[in-house]
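# A structural walkthrough
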Amino acid sequence: SRLTTIRPEEATGAAAEVFAKIKKAVGKVPNAYATIGTHSPEALGAALAFDAAVAAGTLGKADIEVIKLAVSEHVGCDYCVAAHTLMGKLAGLSSDAMKQVRAGAATGDAKRDALVTYVRTLVGTRGTVPEAAVDAVRAAGYTERQLIEISLAIASITFTNLVNRVNDTTLDFPAV
């Protein structure tokens, strides 16, 4: 790792508070969160609030993990690919489906494939997204509310992707 990171058990103040909440919720403080919280407990709190908003929306857990996997693979964030492969498994995605999502290949689930295509288009293009891309994801069954929630999920994972790419965060999830 390139950025300094305190051990969560040595944190004080706001960092200690946010680390304690994470540890209570998931059993440990992942390295990415430790790095962010070391330097900006406020940024970590905002990232967790983003994730909470995504989770409170209408997208299913598997769809959220598909989005995070597709974006993380697209930008080359090995840390987030590993983390969200594990989370995808917990959300019920098969190993084969996750490999296909990461590759942008068909999974055999038309709705999921439309989501992956849309996400890859959204993060892989500049300017206004083609109308055909929006029409295709709507035709697959995603609502306008969900288009907003997809964008929020992308914003959420983009932040952690960026931090991990700068930091070259040490993996504390099984490598993919």
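The structure contained in this document is the topic of the report that follows. (Residues numbered from 1 in each chain as written. Predicted model: local features only at pLDDT ≥ 70, side-chain atom pairs only at ≥ 80, totals over all residues. Heavy atoms only, no water.)

### Thoughts on the pattern of salt bridges
Scanning the entire structure with this criterion turns up 6 salt bridges. Residues Arg7 and Glu10 are paired through a salt bridge, measuring 3.4 Å at the closest nitrogen-oxygen approach. Among the ionic pairs, Asp172 bridges to Lys28, the shortest N-O distance being 3.7 Å. Of this pair, Asp172 sits in the segment after α9 (144–167) while Lys28 sits in the loop between α1 (13–26) and α2 (31–39), placing them 144 residues apart in sequence. The class of Asp172 is partly exposed, set by a relative accessible area of 22%. Residue classification places Lys28 among the partly exposed residues on the basis of a relative accessible area of 33%. One salt-bridge network, held together by shared partners, links Arg7, Glu9 and Glu10. (Salt bridge = Lys/Arg side-chain N within 4 Å of Asp/Glu carboxyl O. Helix = DSSP H or I, 4+ residues; strand = E, 2+ residues; numbered from the N terminus. Buried < 20%, exposed > 50% of the residue type's maximum accessible area, 1.4 Å probe, protein only.)

### Things to note about the nonpolar core
By size, the foremost hydrophobic cluster in this structure holds 33 residues, and its most contacted members are Ile67, Leu115, Tyr118, Val119 and Ile150. A per-element tally of this core places helix α4 (residues 61–75) first, with 7 residues. Discounting chain neighbours no more than four positions away, the residues touching Tyr118 are Val129, Ala133, Val134, Val137, Leu147 and Ile150. Among the nonpolar cores identified, the runner-up in size contains 11 residues, and Ala11, Val18, Phe19 and Val163 belong to it. (Core = buried A, V, L, I, M, F, W, Y, C linked by side-chain atoms within 4.5 Å. Contact = heavy atoms within 4.5 Å.)

### Quick word on the layout of surface pockets
Empty space left among the atoms is revealed by rolling a probe the size of a water molecule over them. The calculated volume of the largest pocket comes to roughly 850 Å³. Along its surface, the largest pocket is lined by 27 residues, and Tyr33, Asp51, Glu65, His84 and Met87 are the ones closest to its centre. Counting only elements with at least two residues in the lining of the largest pocket, the list comes to α1, α2, α3 (41–56), α4, α5 (78–90) and α9. It is α5 that provides the largest number of residues to the lining of the largest pocket, a total of 7 residues. (1 Å grid on protein atoms, 1.4 Å probe; cavity = no way out; pocket = protein on both sides within 12 Å on 5 of 7 lines; lining within 4 Å. Points joined across faces, edges and corners; volume = space filled by probe spheres on them.)

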